[in-house]
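Observations on the three-dimensional arrangement
Single-letter residue listing:
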Amino acid sequence: MRGFLLGLLTGIVGTLWYTQTRGQLEVNRHFGEMQERANAILNESRRILEETRQELGSALQAGRQTVQQQTERLRHAGTGTAESNPPEGTEQTPPAM
């Protein structure tokens, strides 16, 4: 009878240990999967942010070029000829009144 109770107790302890260990392995596996998903989301966010930065930089450059072209057209229209404009990089002072 004593051997039977010792075997039963050993079986219960072994079952509890196995259940706890297996449960811990499941938790570790789920944690690893969640971490992989989080990393994938962060990588996708970084890629989207980089693309957005590039698009904003391109839009800003295009806007600058448009403003420069319109400014040049207005200068040419105001003076009547392109030869009387000062070279780029110099400022023209308006006549004093």
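First, a word on what this report is: a plain description of the structure on this page. (Residues numbered from 1 in each chain as written. Predicted model: local features only at pLDDT ≥ 70, side-chain atom pairs only at ≥ 80, totals over all residues. Heavy atoms only, no water.)

Looking now at the overall build of the chain. Within the chain one finds 1 helix and 0 strands. In the form shown here, the chain has an accessible surface area of approximately 9,100 Å², with 61% of it arising from carbon and sulfur atoms. (Helix = DSSP H or I, 4+ residues; strand = E, 2+ residues; numbered from the N terminus. Areas by Shrake-Rupley, 256 points an atom, 1.4 Å probe, with all protein chains shown as cover.)

Turning next to a nonpolar patch on the surface. A cluster of nonpolar side chains, M1, F4, L5, L8, I12 and L16, forms an exposed patch at the surface whose accessible area comes to about 680 Å². Inspection of the secondary structure puts M1 in the segment before α1 (2-79). According to the relative accessible area criterion, M1 is exposed, its value standing at 75%. (Patch = residues over 30% accessible without salt bridge, like charges linked within 9 Å, V, L, I, M, F, W, Y side chains within 5 Å. Salt bridge = Lys/Arg side-chain N within 4 Å of Asp/Glu carboxyl O. Buried < 20%, exposed > 50% of the residue type's maximum accessible area, 1.4 Å probe, protein only.)

This paragraph deals with the pattern of salt bridges. Scanning the model with the defined rule gives 6 salt bridges in all. Ionic pairing is found between R37 and E33, a salt bridge with its closest N-O pair at 3.8 Å. With R37 and E33 both in helix α1 and 4 residues apart, this pair spans about one turn of that helix. Between E72 and R75 there is a salt bridge whose closest N-O contact spans 3.0 Å. Of this pair, E72 and R75 both sit in helix α1, 3 residues apart, which is roughly one turn of that helix. What makes R75 partly exposed here is its relative accessible area of 40%. Residues joined in a network through salt bridges with shared partners are R29, E33 and R37.

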